[in-house]
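# A structural walkthrough
Here's the letter readout for the chains.
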Amino acid sequence: MRNAVGRDIPDELLVNGKEVYQGKNYMDGKYIQKASPRTRRYEKPQESKIVDSLVDALKACGAKDGMTFSFHHHLRNGDFVVNMVMKAAIEELGLKDLIIAATSLGDAHDPIADYIEQGKVVGIQTSGIRGRMGEVVSNGKLKTPAIIRSHGGRPRAIEAGEVHIDIAFVAAPTSDCVGNCRGIGGKSNCGSLGYAMTDAKYANHVVVVTDCLVDFPNMPASVEAIDVDAVVVVDSIGNPKKIASAAARISQNPRDLMMAENVAKVIASTPYFKEGFSFQTGVGGPSLAANLFLEKYMDERGIKMGWAIGGICGPMVEMLKKGKVGKVIDVQDFDLDAVNSINQTPGHYEMSASQYANPANKGAFVNKLDFVVLAALEIDTGFNVNVLTGSDGVLRGAPGGHPDTAAGSKCCIIVTPLVRGRMATVCEHVVTVTTPGDCVDVLVTDYGIAVNPLRPDLIECLDRAGIPHVSIESLKEKAYSIVGRPDPVQFEDHVVAVLEARDGTILDVVRQIKPYTFED
Amino acid sequence: MQIEKSAMAGTLESSDALVTVEPGNQGIELEISSSVMNQYGRQIRATVLETLERLEVKSGHVTVVDKGALDCTLKARVECAVFRSCDKSAAGIPWGGVIR
């Protein structure tokens, strides 16, 4: 069945009430019955929940074949915990048919690809999928289609009971002996633990894995001991060098700076750019550089930013410290400046993934967002964005908060160079739709700006400010005139991943890749 | 032109291609690998074959390791490799003739 972004969704996926994507805000006003976990009572006072090993923790939580284990990705590419837990479960306990439900997965998790090929891991639910895992899934080795969700779609699915977590594993930079966790104060600090919060509340069992045990009580706790069954102390939960980078630097690349300046110009031309406005930006070159130019316009008009959300990095913390932004609220920290600031700098707070972006709760932060500036691997003439599959059709990205912030914000700006090497970023049809075009408002490239025709009000703003803009079709033609018109990527029929829209409908599917041949 | 000995042109940098030509007598034998194979494999092949035809190269073994080079880059790398293979790259390149 064809959905609202023109993608053909196989009928066999449309079971148990699953629907195809119908457009933005389709589920508004509907009721949901929240799922609840089945948890164990610890009525008798316990001195400590520390167990000797991951195996003991797994046993204590009744780990068995077919279970769903959840993980969060604050340790990013430095994470050791996913591999450690899966190794204990599969190689030491001999478990099989396991499902991994992670907030995101990356190159650090390459070893999981082996467990997929051996058929020990049969399901993956995640935002990001990359590296060898992306390749084996794209080659059709996973038993069931991977389910890809945004950061807001995941807590929605957990609350609705579409993902039932048997055991949630919390990678905690610090924990006390009963499982109060924080993202700071240890040797593998990551700052916010926002993505782990919903998991801990909805999982049947919760295991804390830490490499820094601190005195009770570890306060203020991001994940609370009241939800934790066991605590495991290991040598190291991750590689600090890969968890948080040194301070994120603002790009010096003149092309990035030119695009960033144009993003700031577009923002300043809209009526939402006024005292107390709200903002989120990605950490890509031009997105981050937009901060710099925005500050100039804020000074000129004598206005301040009310609040900023996101994945946070140094430049935003800097603005908070200078008093240019009132509050910063974050689910994840990208660099050491942000890690060292959360819950320390006045006005810098932590939030859960649900509070950040869940479309089914009663009002996530993204719904109050004025502007979001985002990147794209590809954007097509329908303003649909792909941030998941590469130009060869292989899974190697993550929707993250992209679809959530795009849908919630009043003005969503995509900033990307027109071409990357030989790849046309602006194209006729993206390989996979990860953010639907009805949520995307403006495209800024190094060859010009295009406004979504669904937003005549923004077109008027740009015209009034004298900002030149062109049609997205003309940008696509410009791109093709440089790199040539690409052949469509060839796929087999077999669906290897289902891309859920944030509201739970099906936005797109990813099919198994076909070996390339020169034949037509 | 004739490929008289093995020669190379280009690099493995992003947006470039490494072209190797070797003598042969069974027509053009072309091997292509590319980081953008799925979307541009056929165009890369067409560009390389057109360039060889323009240079009147009738036989040889040609290997292209492409890293997302544009057509103009591919042409230049193929031309350079062919001229190097017959020691004609130092002087007397027919600018404005077959090289344009």
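Calculation notes
- Counting restarts for each chain, with residues numbered from 1 along the sequence as it is written.
- Written order determines the labels here, with chains lettered from A and ligands numbered from 1.
- This being a predicted model, a pLDDT of at least 70 is required before a residue's local features are given, and a value of 80 or more before pairs of side-chain atoms are given or counted; all residues contribute to the totals for chains, interfaces and linings.
- For our purposes the nonpolar core covers buried Ala, Val, Leu, Ile, Met, Phe, Trp, Tyr and Cys residues that link as a set through C-beta atoms within 7 Å.
- Here a residue counts as buried when 20 or more other C-beta atoms fall within 10 Å of its C-beta, as exposed when 12 or fewer do, and as partly exposed in between; the C-beta atoms come from the backbone.
- Segmentation of the chain into domains, including their bounds, is taken from an automatic or database domain assignment.
- By the convention adopted here, residues make contact when the C-beta atoms placed from their backbones lie within 7 Å.
- In this analysis, axes come from line fits to C-alpha atoms, helices being fitted only over the stretch in contact, and the angle between any two N-to-C directions falls in the range 0 to 180 degrees.
- The way it works is that DSSP assigns letters per residue, a run of H or I at least four long becomes a helix, a run of E at least two long becomes a strand, and they are numbered from the N terminus.
- The cut-offs work like this: below 35 degrees is roughly parallel, past 145 is roughly antiparallel, 65 to 115 is roughly perpendicular, and the gaps in between are oblique.
- Note on residue classes: Ala, Val, Leu, Ile, Met, Phe, Trp, Tyr, Cys and Pro are nonpolar, Asp, Glu, Lys and Arg are charged, and everything else, Gly too, is polar.
- In this analysis, strands are considered paired if DSSP registers two or more bridges between them.
- Think of it like this: strands point away, you trace from the first strand over the helix to the second, and a clockwise trace means the crossover is right-handed.
- A score from 0 to 100, pLDDT tells how confident the predictor is in each residue.

## Quick word on the nonpolar core
The nonpolar side chains of soluble globular proteins are, as a tendency, buried together. All names here are of chain A. Core analysis: the biggest nonpolar cluster contains 188 residues, and V137, F169, V170, V263 and I413 have the highest contact counts within it. Both of domain 1 (49-243) and domain 2 (254-489) provide at least three residues apiece to this core. With residues near it in sequence (within four places) discarded, I413 still touches V263, V266, F371, V373, D441, V442 and V444.

## Overview of the packing of helix 9 (residues 285-301) of chain A against helix 10 (residues 314-321) of chain A
Residue and element names in this part refer to chain A. Where helix 9 contacts helix 10, the two axes come as close as 9 Å, and the packing angle between them is 25°. One way to sum up the angle between helix 9 and helix 10 is to call them roughly parallel. For the pair helix 9 and helix 10, the contacting residues are L288, N291 and E295 in the first and P315, M316 and M319 in the second.

## Digging into the interface of chain A and chain B
Residue-level contacts link 15 residues of chain A with 15 residues of chain B. Broken down by class, the residue content of the side of chain A that touches chain B amounts to seven nonpolar, five polar and three charged.

## Overview of the pairing of strand 2 (residues 68-71) of chain A
All names here are of chain A. One ladder, built from four bridges, connects strand 2 with strand 3 (residues 98-102); its direction is parallel. In the sheet register, S70 faces strand 3, and the bridge partner there is A101. Of the crossover connections in this fold, the one passing from strand 2 over helix 2 (residues 81-92) to the parallel strand 3 is right-handed. In this sheet, strand 6 (residues 167-172) lies alongside strand 2 in parallel orientation, the contact comprising two bridges. When the bridges of strand 6 are listed, S70 appears paired with A168.

## Looking at the domain arrangement of chain A
Residue and element names in this part refer to chain A. Partitioning chain A into domains gives domain 1 (49-243) and domain 2 (254-489). If you average the C-alpha positions of domain 1 and of domain 2, the two centres end up 29 Å apart. Secondary structure elements with two or more residues in the side of domain 1 that touches domain 2: helix 4 (131-138), helix 5 (153-159) and helix 6 (194-202). Counted by class, the side of domain 1 that touches domain 2 contains ten nonpolar, 16 polar and five charged residues.

## With respect to the sheet that holds strand 4 (residues 121-126) of chain A
Pairing between the strands of a sheet comes from backbone hydrogen bonds, and it takes one of two forms, parallel or antiparallel. Residues and elements named next belong to chain A. Overall, mixed pairing links the ten strands, which are arranged 1-10-9-6-2-3-4-5-24-25 in an open sheet. With partners counted over all chains shown, the strands left at the sheet margins are strand 1 (50-51) and strand 25 (506-513), one partner each. Both strand 5 (residues 146-148) and strand 24 (residues 491-500) contribute to a ladder of three bridges, which runs parallel. When the bridges of strand 24 are listed, I148 appears paired with L499. Against the sheet, helix 4 touches strand 4, strand 5, strand 24 and strand 25, its axis set at about 125° to strand 24. Where helix 6 meets the sheet, its contacts fall on strand 2, strand 6 and strand 9 (205-210), and the angle it forms with strand 6 comes to roughly 145°.

## So, the environment of A:G401
Residue and element names in this part refer to chain A. Along the chain, G401 falls in the loop between strand 17 (385-386) and helix 13 (402-408). Taking the C-alpha atoms as reference, G401 lies 13 Å from E500; in sequence the two are 99 residues apart. Ignoring any residue separated from it by four or fewer positions in sequence, one finds G401 in contact with S150, H151, G152, Y356 and A357.

## Focus on unusual backbone geometry
When glycine is set aside, most residues are seen to have a negative phi, and most peptide bonds are trans. All names here are of chain A. Between F216 and P217 the backbone carries a cis peptide bond, its omega angle lying at -5°. Residue P220 is reached from M219 by a cis peptide bond, and omega for that bond is -10°. Mapped onto the fold, P220 is located in the loop between strand 9 and strand 10 (230-233). One non-glycine residue, F383, lies in the positive phi region at around 65°. Checked against the element boundaries, F383 lands in the loop between strand 16 (378-380) and strand 17. For F383, a count of 28 C-beta atoms within 10 Å translates into the label buried.

## Notes on the confidence of the model for chain B
Averaged over all residues, the pLDDT of chain B equals 95, while 100% of them reach at least 70. Interface predicted TM-score (ipTM) for the complex: 0.89; the corresponding pTM is 0.94.

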